[in-house]
Amino acid sequence: QVQLVESGGGLVQPGGSLRLSCAASGNIFSPNIMGWYRQAPGKQREWVASISSVGGTNYADSMKGRFTISRDNAKNTVYLQMNSLKPEDTAVYYCNLRRLVLKLEYWGQGTQVTVSS
């Protein structure tokens, strides 16, 4: 089993920044991909960004240039630096880990991000 715990969410004004963290524990093996998803009220969950165990990154088009995903393998932690936040970024942000060999997937409970003046 793998456990994921998100932190760092909160209330920010438009144009502000937040850094989310996701700490993983348990049976973590490489190769794997860790990523972030978000779900706004009344909308489908959408993919935000992902990073592989060797550091390769991918972003949804609307996040490019504003969000940066990174990871610290020694700490089993992934981060999402969010800049130039917009009201439409308001959502619950979820951490995800995929073990590629066994095709196992794990989710955190989410952290609320609210962008409002």
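On a predicted model such as this, the values are computed, not experimentally measured, just so you know.

Reading guide: rules and limits
- Residue indices begin from 1 for each chain and proceed along its sequence in written order.
- Local features are withheld for residues below a pLDDT of 70 in this predicted model, meaning they are given only at 70 or higher, and side-chain atom pairs are given and counted only at 80 or more; totals for whole chains, interfaces and linings count all residues.
- Only heavy atoms go into the side-chain values, all of them from the structure, while hydrogens and water stay out.
- Count a disulfide wherever a pair of cysteine sulfur atoms falls within 2.5 Å.
- Every helix listed is a DSSP run of H or I at least four residues long, and every strand listed is a run of E at least two residues long, numbered separately from the N terminus.
- Two strands are said to pair when DSSP picks up at least two bridges between them.
- To get an axis, a line is fitted to the C-alpha atoms, and for a helix only the part in contact is used. The angle between two axes follows their N-to-C directions and goes from 0 to 180 degrees.

## Quick notes on the state of the cysteines
- One pass over the full model with this rule turns up one disulfide.
- The side chain of Cys22 participates in a disulfide bridge whose partner is Cys95; the two sulfur atoms lie 2.0 Å from each other. Here Cys22 and Cys95 share a disulfide; its torsion about the S-S bond, -85°, makes the bridge left-handed. Of the two residues, Cys22 sits in strand 3 (residues 18-26) while Cys95 sits in strand 9 (residues 91-99), which places them 73 residues apart along the sequence.

## Concerning the sheet that holds strand 8 (residues 77-82)
- Judged by pairing direction, the sheet is antiparallel, and its four strands sit side by side in the order 1-3-8-7 without closing on themselves. Two strands in the sheet have a free side with no partner beyond their single neighbour: strand 1 (2-7) and strand 7 (67-72). Taking the axes of each pair of neighbouring strands and ignoring which way they run, one obtains an average angle of 15° across the sheet.
- Examined bridge by bridge, strand 7 and strand 8 share six bridges and lie antiparallel to one another. In the sheet register, Arg71 faces strand 8, and the bridge partner there is Val78.

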